[in-house]
Amino acid sequence: MSETILELNNASIFQRETLILSDVNIEIKKGEFVYLIGKTGTGKSSFMKTLYGDLPLKSGSGQIVDIDLQSLKEKEIPYLRRKLGVVFQDFKLLNDRNVKENLIFVLKATGWKDKTKMNQKIEDVLDKVGMKTKSFKFPYQLSGGEQQRVAIARALLNDPELILADEPTGNLDPQTSVEVMEVLQDINKNGNTILMATHDYALLLKYPSKTLKCDGQRLFEVVQKKQQQH
Ligand SMILES: Nc1ncnc2c1ncn2[C@@H]1O[C@H](COP(=O)(O)OP(=O)(O)OP(=O)(O)O)[C@@H](O)[C@H]1O
Ligand SMILES: [Mg+2]
């Protein structure tokens, strides 16, 4: 039986008092790779923010990784974040410390204590994104694609049930975008569920998958057009 990781019913997404999306009904199952597309300003990031507890779900119902979004309390947000891996367009690495220290920082903040286990975990996640040899580099010594791979490694530290990636390739050139996408595809093939907001139609064509679209204050699943045969 397939397990539901995310389910929203009749949900509305707000930025303060402004309605951004209404009557959202969607379900994401364990193991899926789902795109979230839509023009700029249609609500992709607002939707993501609601999922990781940065915006409250004021109306409708939502369950994410077995947590109820509507009744989510401020103090429960760290618990929600620990069950998610969040990846942003601008990487958000700490520039005053190297890759390994960036990852240690997150492990310590989420309750890890055993040094051997921490080292093992760091090695494991850096290996998954092909960055094992660069753990002593500082973020400014890495290319954009490498920084994003470290950010993905960081998102994997607590074995998240769902990865939310908001335009993870938005700052990268096409070739580097494909490299980062390959990492996300590998992670998905190993069983991770991923929701990825993107503007990059080339990626959608190259890696077709279930697609949700924000348009006209609605969020709905779209059937992707097949690539034209020549
Ligand atoms: N912090 C905020 N306060 C108030 N309104 C906001 C805030 N952030 C975004 N908005 C508004 O919410 C709407 C949706 O924005 P959002 O950032 O979710 O769109 P998006 O689809 O992620 O766009 P993009 O593709 O440019 O990232 C826009 O009209 C935007 O102006
Ligand atoms: Mg956005």
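Data block above holds the structure.
The sections below set out a description of the structure shown in this document. All residue numbers refer to positions counted from 1 along the written sequence of the respective chain. Note on labels: chains are lettered from A, ligands numbered from 1, in written order. Where totals are concerned, whole chains, interfaces and linings use all residues; where local detail is concerned, this predicted model gives features only for residues with pLDDT of at least 70, and gives and counts side-chain atom pairs only at 80 or more.

The subject of this paragraph is the overall build of the chain. Secondary structure is summarised from DSSP: a helix means a run of H or I of at least four residues, a strand means a run of E of at least two, and numbering begins at the N terminus for each. When helices and strands are tallied, the chain shows 7 helices and 10 strands. Computation of the radius of gyration draws on C-alpha atoms alone. For the globule rule, the value is 2.2 Å times the number of residues to the power 0.38. For 230 residues, the compact-globule formula gives about 17 Å, and the C-alpha radius of gyration of the chain, at 18 Å, lands near that figure. Across its three principal axes, the chain shows a C-alpha extent of roughly 55 × 45 × 35 Å. Three classes are used. A residue is buried when 20 or more other C-beta atoms lie within 10 Å of its own, exposed when 12 or fewer do, and partly exposed in between, with C-beta atoms placed from the backbone. Looking at the 230 residues of the chain, the share that counts as buried comes to 36%. Residue pairs qualify as contacts under a 7 Å threshold applied to their C-beta atoms, which are placed from the backbone. Sequence separation of 24 or more characterises 69% of the internal contacts of the chain that already satisfy a separation of 6 or more.

Here phenylalanine 14 is to be found in strand β1 (residues 4–15). Note: C-alpha distance between phenylalanine 14 and proline 56 (42 residues apart in sequence) is 7.9 Å. When residues no more than four places from it in sequence are discounted, the contact partners of phenylalanine 14 are Leu19, Ile20, Leu55 and Lys58.

Once that is clear, we can look at the site of ligand 1. Inspection of the region around ligand 1 gives 13 residues, with Gln15, Thr40, Lys44, Ser45 and Ser46 positioned closest. With 3 residues, helix α1 (residues 44–51) is the largest single contributor of residues to the shell around ligand 1. Only Asp, Glu, Lys and Arg are considered charged, only Ala, Val, Leu, Ile, Met, Phe, Trp, Tyr, Cys and Pro nonpolar, and every remaining residue, Gly among them, polar. Among the residues making up the shell around ligand 1, the classes are represented as 2 nonpolar, 9 polar and 2 charged. Only the C-beta atom, placed from the backbone, is used; a residue is near a molecule or strand if that atom lies within 6 Å of it.

Glancing now at helix α3 (residues 99–109). Helical periodicity: at 3.6 residues per turn, an α-helix aligns residues three or four positions apart in one direction. Along α3, the residues that are buried comprise Val99, Asn102, Leu103 and Leu107. Buried residues of α3, viewed axially, fall in a sector of 135°; they line one side. Turned more than 90 degrees away from the buried face of α3 sit Lys108 and Ala109, all of them exposed. Against the buried residues of α3 lie α4 (115–128) and α5 (144–156). Glycine 111 sits one or two residues past α3 and shows a positive phi near 95°. Arc definition: directions from the helix axis to the C-beta atoms.

Here we come to the pairing of strand β10 (residues 218–222). Here strand β9 (residues 210–215) runs beside β10; their pairing, made up of 5 bridges, is antiparallel. Paired with leucine 212 across the bridge in β10 is glutamate 221. The turn linking β9 back onto β10 is made up of 2 residues, and glycine 216 within it adopts a positive phi angle of 55°. Paired strands, as defined in this entry, are two strands with at least two bridges between them according to DSSP.

Moving on to unusual backbone geometry. Positive phi values are uncommon outside glycine, yet asparagine 10 reaches one of about 50°. Take asparagine 10: it is sitting in strand β1. On the basis of neighbour count, asparagine 10 is assigned to the exposed category, with 12 C-beta atoms found within 10 Å.

Now for the sheet that holds strand β8 (residues 194–197). Read across the open sheet, the 6 strands follow the order β6-β7-β8-β3-β9-β10; overall the sheet is mixed. Sheet topology places β6 (84–88) and β10 at the edges, where each strand pairs with a single neighbour. Strand after strand, the sheet turns through a mean of 20° between neighbouring axes, direction not considered. Two strands pair when backbone bridges link them, and strand β3 (residues 33–37) and β8 are joined in this way by 4 bridges, in the parallel orientation. Directly across from valine 34, in β8, lies its bridge partner leucine 195. The axes used here are C-alpha line fits, helices contributing only the stretch in contact, and every angle between their N-to-C directions lies in the interval 0 to 180 degrees. Contacting β6 and β7 (162–166), α5 crosses the sheet at an angle of about 165° to β6.

These figures capture arrangement, not role.
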